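Chain by chain, the residues:
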Amino acid sequence: MKREMIISLHSIDGVKDFVNMVSKIDGDVTISSGRYIIDAKSIMGIFSLDLSKTVTLEIEEWKDEYMEMLKQYIAV
């Protein structure tokens, strides 16, 4: 089951931690911002986006255990 959520990535260390975390997720994980869609497991791809704005995270094979990992990034 696919799941989307709006997240914020504000710091370099935050992006590094995020990429390390989502790299453990099986299947496709993407981030979209406007018309750009990038692999969320790619640190260079994430840094190519405008991180002053929120982005949309999409996980193809969602498992409820991922919520605990990602809750610190969810935009309020």
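Residues numbered from 1 in each chain as written. Predicted model: local features only at pLDDT ≥ 70, side-chain atom pairs only at ≥ 80, totals over all residues. Heavy atoms only, no water.

Looking at this model, I keep getting lost on the pairing of strand 4 (residues 55-59). Mind explaining?
For a regular strand, the rule is simple: side chains alternate between the two faces of the sheet. Burial within strand 4 is extensive, with 5 of its 5 residues counted as buried. Side chains Val 55, Leu 57 and Ile 59 project from strand 4 onto one buried face, and the interleaved Thr 56 and Glu 58 project onto a second face that is buried too. Where strand 1 (residues 3-7) and strand 4 come together, 5 bridges link them in antiparallel fashion. From the neighbouring strand, Glu 4 faces strand 4, where its bridge partner is Glu 58. (Buried < 20%, exposed > 50% of the residue type's maximum accessible area, 1.4 Å probe, protein only. Helix = DSSP H or I, 4+ residues; strand = E, 2+ residues; numbered from the N terminus. Pairing = 2+ DSSP bridges.)

So what exactly am I meant to see when it comes to the environment of Ile 38 here?
Topologically, Ile 38 is positioned in strand 3 (residues 36-39). For Ile 38, a relative accessible area of 15% corresponds to the buried category. Sequence-distant contacts of Ile 38, that is, excluding residues within four places in its chain, are made with Val 29, Thr 30, Ile 31, Gly 45, Ile 46, Ser 48 and Leu 49. (Contact = heavy atoms within 4.5 Å.)

The quantities given are spatial measurements derived from coordinates; they are silent on function.
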